Amino acid sequence: MIPLQGKGASPGIAIGKLTFMERTHYSVEKLPVVDVSGEIERFNAAKETAVTQLRELSKTTTEKIGEENARLFEVHGMMLQDPDLIGPIEKIIREQRICAEYAVMEAGSVLAEEFAAMDDDYMKSRAADIRDVANRVIAILSGTWLDVTEGSDPVILAAEDFSPSETVQFDRSKVLALVSRSGAANSHTAIFACTMGIPAIIGLGPSLSPGLAGMTAAADGETGVLCIEPEQEVIAEFKKKHAQNERERRELEKYRGKETVSSGGRKIGLFANIGSVADVEAALLGDAEGIGLFRSEFLYLGREDYPDEETQYGAYKQALEEMRGRQVIIRTLDIGADKKAAYFGLPAEENPALGMRAIRICLTRPELFKTQLRAIYRASVYGNAAIMFPMIDSVSELRRAKAIAREVMEELAEKKLLFNENVPVGIMIETPAAAIISDLLAKEADFFSIGTNDLTQYTLAIDRQNDSLSEFCDIHHEAILRLIRLTCENAHKAGIPVGICGSLGADKTLTRFFLETGIDELSVEPSRILSLRKLVAGLD
Ligand code: PEP
Ligand code: MG
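First, a word on what this report is: a plain description of the structure on this page. (Residues numbered from 1 in each chain as written. Chains lettered and ligands numbered in written order. Predicted model: local features only at pLDDT ≥ 70, side-chain atom pairs only at ≥ 80, totals over all residues. Heavy atoms only, no water.)

### Looking at the coordination of the magnesium ion (ligand 2)
- Coordination of the magnesium ion (ligand 2) by the protein comes from E430 (OE) and D454 (OD), over a distance range of 1.9 to 2.0 Å. Here the residue E430 occupies a position in the loop between β13 (425-429) and α14 (432-436), and D454 occupies one in helix α16 (residues 452-460), the gap between them amounting to 24 residues. Each member of the pair, E430 together with D454, is buried. (Donors = N, O, S within 2.8 Å, 3.2 Å for Na, K, Ca; no water. Helix = DSSP H or I, 4+ residues; strand = E, 2+ residues; numbered from the N terminus. Buried < 20%, exposed > 50% of the residue type's maximum accessible area, 1.4 Å probe, protein only.)

See the structure below:
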């Protein structure tokens, strides 16, 4: 047995085969072929494989994040039946007598450019889809298509690190656990894994080498222990712990459906953080009293182009409907820093966490912001929605964001589209600046939610992505506690509620402090709700 020690990033036990995810890179060469009809047949076989993959992807996407989002893959499948794409590919192979990979790339880019040049925005956006479809076929043809979990038994997936966009796309029925050589506990990857209920261990270092692929491993996402080729007794230990976790989970059932109230009578809301519509199910299972943080950026990650209004509307509507009247706080786009989407074309920055991210992007690209706000307002009639702006630093930023929201409401009203004009508009307190002027911000916001992950990063000047700084990162630093207390006092003076949606909200050593400070709501990973309710019930 080889025992490896990393950091637990998302709790849970998993036992399974270790599979390494290596990224694919396509390099397409213009190679001559002799057997032209054989090459066309090879292309057709790859095309059929792609169609089957897309059908499967559409099915799983419907289950995970709804039909609206799955439609994209149906469109991709239809593109592969389109004579405007298939005709030129076959023609290039036949006339130029060159390999299918090159023909697909060539025909795909010509067609994509034609679409990109169109006036209609919808048609323009199809260019990225054509490139995506072409890349899929090229990857299948060249044997570089790597879906490590495809068709196999569920695996423990290993890599140097996983990006947030990869993590949100994993099929949780096929990924037993995520284990990585590097990574930081407070990163979005860790947060997403935790929200999705996938155990994760990060920072295992170089010992997690690809040579271990195919071996059986046992992972404990709480202690950060990964045992390679564990002995029977070790497997039994892991299974025992799993059974113990399950017993505790059942024990917590008696807190389901109850209010969260201390023995001294202090009530607090226990909400869930979600990263996608698929997580609403986990939030309901966890008995969330609402959604305190819907990280809407999941809709933007792992894609080739911006999600359109309809896609977003569908996702928000579904989340609101499924939460049946419980509040759903939708945080507007918080992209940038570690959450990257290439199509945003954000310039490389020296300090991306201090750079163009979150509300700053929305304020400099109002059309992008308005598309999201339109989708949220239109969906707002289907439930109890609230809007929350991330990374607000000043009153003027809040006013600018609210002015854009008002513009969106006016435009919707003009078009006679239904929306709820009383959707509460709150902000995240994520920077020391926001906490310090929380008295001023409280006069113009309907609620606050303290994002302790970023508040910690910016207060202590410690990059949350940089694992090597962990010895300097005192998450209970008095400065952070004072900023939380100050924010809470200022919110209550202005008569608005204040919650915590950063990871500190689930820190059981601080629950008493939060109750004493007067925090109105804690928003945490769904699986943590019942145990926090039990803890609160025991506090006087
Ligand atoms: C936070 O910063 O605490 C927060 C909740 O936002 P995110 O972790 O998505 O940056
Ligand atoms: Mg944040």
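On we go.
### Describing unusual backbone geometry
- Phi at D287 takes a positive value of approximately 70°, unusual for a residue other than glycine.
- Mapped onto the elements of the fold, D287 is located in the loop between α9 (279-285) and β10 (291-295).
- What makes D287 buried here is its relative accessible area of 10%.
- We note that A461 has phi near 55°; this positive angle belongs to a residue other than glycine.
- Structurally, the position occupied by A461 is in the loop between α16 and α17 (478-493).

### Remarks on the nonpolar core
- Counting residues in each nonpolar core, the largest one holds 93 residues, and the members touching the most others are F294, Y377, F389, F448 and I519.
- Among the elements that take part in this core, helix α13 (residues 395-414) stands out by supplying eight residues, more than any other.
- Every residue in contact with F294, bar those within four places of it in the chain, is listed here: I274, G275, S276, V277, Y316, A319, V328, I329, I330 and R331.
- Core analysis: the second largest hydrophobic core is formed by 35 residues, V75, I93, C99 and V104 among them. (Core = buried A, V, L, I, M, F, W, Y, C linked by side-chain atoms within 4.5 Å. Contact = heavy atoms within 4.5 Å.)

### Considerations on the pattern of salt bridges
- Evaluated as defined, the whole model comprises 33 salt bridges.
- The residue E90 makes a salt bridge to R94 at a minimum N-O spacing of 3.9 Å. Of this pair, E90 and R94 both sit in helix α3 (residues 83-96), four residues apart, which is roughly one turn of the helix.
- Here R94 falls in the partly exposed class, since its relative accessible area comes to 44%.
- Between E251 and K254 there is a salt bridge, with the nearest N and O atoms lying 3.1 Å from each other.
- One network of salt bridges, in which partners are shared, links E297, R331, D334, K339, R357, D454 and R464. (Salt bridge = Lys/Arg side-chain N within 4 Å of Asp/Glu carboxyl O.)

### Looking at the sheet that holds strand β12 (residues 384-389)
- The eight strands lie next to each other as β9-β10-β11-β12-β13-β14-β15-β16, forming a closed barrel whose pairing is parallel. In this sheet, neighbouring strand axes are inclined to one another by 30° on average, regardless of whether the strands run parallel or antiparallel.
- Direction of pairing for β10 relative to strand β11 (residues 327-331): parallel, over a ladder of three bridges. By the bridge assignment for β11, R295 is matched with R331.
- Sitting on the sheet, helix α12 (residues 366-379) is in contact with β11, β12 and β13, with an inclination near 160° to β12. (Pairing = 2+ DSSP bridges. Axes fitted to C-alpha atoms, helices over the stretch in contact; angles between N-to-C directions.)

### What about the site of ligand 1?
- Surveying the vicinity of ligand 1 reveals 16 residues, the closest of which are R295, R331, G451, N453 and R464.
- A distance of 2.7 Å separates an oxygen atom of ligand 1 from a polar backbone atom of N453.
- Contact distances for ligand 1 include 2.9 Å between an oxygen atom and a side-chain N or O atom of R464.
- Within the complex, the protein chains bury 100% of what would otherwise be the 280 Å² of accessible surface of ligand 1.
- Elements supplying a minimum of two residues to the shell around ligand 1: α7 (188-196), β10 and α16.
- Residue contributions to the shell around ligand 1 peak at three residues, all from α16.
- When its residues are assigned to classes, the shell around ligand 1 shows four nonpolar, five polar and seven charged. (Near = heavy atom within 4 Å. Polar contact = N/O pair within 3.5 Å; in protein donor to acceptor, adjacent residues only side chain to side chain. Areas by Shrake-Rupley, 256 points an atom, 1.4 Å probe, with all protein chains shown as cover. Nonpolar A, V, L, I, M, F, W, Y, C, P; charged D, E, K, R; others polar.)

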